[in-house]
Amino acid sequence: MSKHNLTTAAGAPVVDNQNVQTAGPRGPMLLQDVWYLEKLAHFDREVIPERRMHAKGSGAFGTFTVTHDISRYTRAALFSQIGKKTDLFLRFSTVAGERGAADAERDIRGFAVKFYTEEGNWDLVGNNTPVFFLRDPLKFPDLNRAVKRNPYTNMRDANANWDFWTLLPEALHQVTIVMSDRGIPSSYRHMHGFGSHTFSLISAKGERHWVKFHFHTQQGIQNLSDAEAEKLVGQDRESAQRDLLESIDRGDFPRWTMYIQVMTEAQADACPFNPFDLTKVWSHKAYPLIEVGVLELNRNPQNYFADVEQAAFNPANVVPGISFSPDRMLQGRLFAYGDAERYRLGVNHHLIPVNAPRCPFHNSYHRDGAMRVDSNAGATIGYEPNSQGKWQQQPAFDEPPLALQGGAYHYDFRADDDDYYSQPGALFRLMTPAQQQVLFDNTARAMGGVDEAIKRRHIANCAKADPAYGAGVAKALGLTV
Ligand code: HEM
């Protein structure tokens, strides 16, 4: 049989793919047309749930190359020597829109990297912003309800969006970034990426350092104004997908320089703010950027569904030498991703090629489950301890203990630190007058139609960051305060 011949899923020849079987030339269809039944039954099940957020995205394969030695901070094999290369997959996304949303929206961008290291997959599931709206993961579903569609109108709801944001003053830093001139990157290639959270690095000596990950675009930052984005969306809803795909196809491979910021445990103890607070950045002066390597995207997936739609990133995927921190947002994410992916893709989603580790791995301790399509470990026993010495845990990769304080309780993070204004104020003062005006105007457009009380609440929050910020937004909104 030629490789071009059509068969059923069971491998038998399909004799007619144009006409269903009918009883007579003008008669009804026959149930015995099993090819029709198979074809339609498969088609009826082709849609899988989209990601609850970050549903619209683009992905590509690439390589990470170490250019500077950080092995004094981490035992992670991918950073073990200069020149070392590690394969990776990166998925970019917008956050609030659904799978068919236009790319050029004012929104955060996802920047999720899966490093296929020799010691397992490391997923750094970040954004194009160094901070986030929230400090507690209990509020994450509320954030999504506020930015997604209104249950009655089924339309995006600026009133709900701004009602929620303005009631959480810790959101102001992120809101300031999203409303700034950086709020609509011109493409995925022209923006930075950030791990955002504080993570930890563990050295071969068992020392822990706190760390932030940064990826600076080598293409340069480029953004769209609201007017440019509006025009672009009218012409091309897939502008970021097109840009990424075409640049890689023509051999113009996008690159980012990776940096880390490092804080010792003693520095963290003495830090005037909570260094595990995701709404705050670490000053580059106090914690300078340390160059690490280059991330390059150089291969487009051959099949979007196989690799991009089925990609499953999980902040819980770390490798020896890289680990978590007490940031309660990061802790909350450690549960949510795998749980979402067991629902979205199934319990064996880690076996899908784009998600499977590239190193030898022994995941067959997990057994069975829907869509187990490898050998399922054949005849190998699945219990431990056993007399065959199989499935040995690996204590050599354990981390040093983390000292903790205090009893178990629902601690209000605001009692620990409620300064939500210094950093957005500092960011505002870093902007040129022209950039500040863009911030005022973008905010005013985004708040159009929002209740006056909510507008005034936002103006009051901005004024606490800087009186000129509050005054500028008030003027752009046509309000006197
Ligand atoms: C996607 C939960 C905060 C970046 C997702 C998904 C869930 C989720 C359930 C869908 C996963 C999937 O279906 O594969 C949460 C929760 C958060 C949180 C509960 C806070 C408590 C964050 C933060 C960042 C982030 C702070 C960035 C710093 C992303 C990205 C994706 C994503 C980039 C898309 C990954 C991809 O391309 O497949 N999030 N998230 N999220 N999240 Fe979060």
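Residues numbered from 1 in each chain as written. Predicted model: local features only at pLDDT ≥ 70, side-chain atom pairs only at ≥ 80, totals over all residues.

Defined as follows: UniProt positions are given in the numbering used here, feature names are shortened, and annotations may be inferred rather than shown by experiment.
As named in an unreviewed UniProt entry, the protein chain is Catalase, taken from Pseudogulbenkiania ferrooxidans EGD-HP2. Under the heading Sequence similarities (unreviewed entry), UniProt records this for the protein chain: "Belongs to the catalase family." The record held by UniProt for the protein chain lists under Catalytic activity (unreviewed entry) the comment "2 H2O2 = O2 + 2 H2O".

Structural notes on the overall build of the protein chain
The test is simple: Helix numbering and strand numbering both begin at the N terminus, where a helix is a DSSP run of H or I of at least 4 residues and a strand a DSSP run of E of at least 2. Between the two quantities, the radius of gyration covers C-alpha atoms and the globule rule is 2.2 Å times the number of residues to the power 0.38. With C-beta atoms placed from the backbone, a residue is buried if 20 or more other C-beta atoms are within 10 Å of its own, exposed if 12 or fewer are, and partly exposed between those counts. Contact between residues is assigned whenever the C-beta positions, reconstructed from backbone atoms, fall within 7 Å.
When its secondary structure is counted, the protein chain shows 14 helices and 10 strands. Rg of the C-alpha trace for the protein chain: 25 Å, near the compact-globule value of 23 Å for 481 residues, within the 12% margin. Evaluated residue by residue, the protein chain yields a buried proportion of 38% over its 481 residues. Restricting the contact set of the protein chain to residue pairs at least 6 apart, pairs at least 24 apart contribute 71%.

With respect to the environment of Arg75
Along the chain, Arg75 turns up in the loop between strand 1 (57-66) and strand 2 (85-94). A count of 20 C-beta atoms within 10 Å places Arg75 in the buried class. Between the C-alpha atom of Arg75 and that of Ala10, which follows or precedes it by 65 residues, the distance is 49 Å.

Things to note about helix 2 (residues 140-147)
Defined as follows: Arc definition: directions from the helix axis to the C-beta atoms.
Looking at helix 2, one finds that the buried residues are Leu143, Ala146 and Val147. Down the axis of helix 2, the buried side of the element spans an arc of 90°, and every buried residue falls inside it. Structural note: helix 2 exposes Pro141 and Asp142 on the side pointing more than 90 degrees away from its buried face.

A closer look at the packing of helix 2 against helix 3 (residues 158-167)
For any two helices packed against each other, one specifies the inter-axial angle together with the distance between the axes. Applied cut-off: What counts as an axis is a line fitted to C-alpha atoms, over the stretch in contact for a helix, and the angles between N-to-C directions run from 0 to 180 degrees. Here the term charged refers only to Asp, Glu, Lys and Arg, the term nonpolar to Ala, Val, Leu, Ile, Met, Phe, Trp, Tyr, Cys and Pro, and the term polar to all other amino acids, Gly among them.
For the pair helix 2 and helix 3, the least separation of the axes is 7 Å and the interaxial angle reads 145°. Counting all contacts with helix 2, which are made through Asp142, Leu143, Ala146 and Val147, the residues of helix 3 involved are Ala160, Asn161 and Phe164. Residue composition of the contact of helix 2 with helix 3, by class: five nonpolar, one polar and one charged.

Some remarks on the nonpolar core
This is how it is decided: For this entry, the nonpolar core is defined as buried Ala, Val, Leu, Ile, Met, Phe, Trp, Tyr and Cys residues connected by C-beta atoms within 7 Å.
Judged by nonpolar contacts, the single largest core of 51 residues is most densely connected at Leu88, Leu90, Phe115, Phe213 and Ile322. Here this core takes five residues from strand 3 (residues 109-117), the largest share from any one element. With 40 residues, the next largest nonpolar core counts Val131, Val147, Met329 and Met447 among its residues.

Some points on helix 3
Among the residues making up helix 3, those that are buried are Asn161, Trp162, Trp165 and Thr166. Along the axis of helix 3, the buried positions cluster into a sector of 110°, meaning they face one direction only. Tucked inside the fold, the buried residues of helix 3 contact helix 2, helix 4 (172-179) and helix 13 (452-465).

What about the site of the ligand?
To keep it simple, the criterion reads: A molecule or strand has a residue near it when that residue's C-beta atom, placed from backbone coordinates, lies within 6 Å of it.
The environment of the ligand is made up of 27 residues, and the closest members are His54, Arg91, Gly110, Pro137 and Ser196. Breaking the shell around the ligand down by element, the ones donating at least two residues are strand 2, strand 3, strand 4 (120-127) and helix 9 (328-344). Looking at the shell around the ligand element by element, the count peaks at eight residues for helix 9. Split by residue class, the shell around the ligand holds 13 nonpolar, eight polar and six charged.

Here's the deal with the packing of helix 13 against helix 14 (residues 467-477)
How we decide: Convention used here: angles under 35 degrees read as roughly parallel, angles over 145 as roughly antiparallel, angles from 65 to 115 as roughly perpendicular, and any remaining angle as oblique.
At a minimum axis separation of 5 Å, helix 13 and helix 14 run at an interaxial angle of 150°. Compared by their axis directions, helix 13 and helix 14 come out roughly antiparallel. Contacts between helix 13 and helix 14 pair Lys455, His458, Ile459, Ala460, Cys462, Ala463 and Ala465 from the former with Pro467, Tyr469, Gly470, Val473, Ala474 and Leu477 from the latter. Broken down by class, the residue content of the contact of helix 13 with helix 14 amounts to 10 nonpolar, two polar and one charged.

Some points on the pairing of strand 3
For the record, the criterion: Strand pairing follows a simple DSSP-based rule, namely that at least 2 bridges must link the two strands.
Of all the nine residues making up strand 3, nine are buried; the element is thus mostly covered by neighbouring parts of the structure. Counted along the chain from strand 3 to the antiparallel partner strand 4, the turn is two residues long.

Some thoughts on the environment of Asn274
Topologically, Asn274 is positioned in the loop between helix 7 (265-270) and strand 9 (290-299). If we ignore the near neighbours within four places in the chain, the residues touching Asn274 are Asp416 and Asp417.

Some remarks on the environment of Gln222
Assignment of secondary structure puts Gln222 in the loop between strand 7 (208-217) and helix 5 (226-235). For Gln222, a count of 13 C-beta atoms within 10 Å corresponds to the partly exposed category.

A closer look at unusual backbone geometry
A negative phi holds for most residues other than glycine; trans holds for most peptide bonds. For the bond from Glu384 to Pro385, the omega torsion is 5°, close enough to zero to count as cis. Within the secondary structure, Pro385 sits in the loop between helix 9 and helix 10 (413-416). Non-glycine residue His54 carries a positive phi angle of around 60°. Of note, His54 is situated in the loop between helix 1 (34-44) and strand 1. Not every positive phi belongs to a glycine, and Trp391 is a case in point at roughly 65°. Residue placement: Trp391 occurs in the loop between helix 9 and helix 10. The class of Trp391 is partly exposed, set by 15 C-beta atoms lying within 10 Å.

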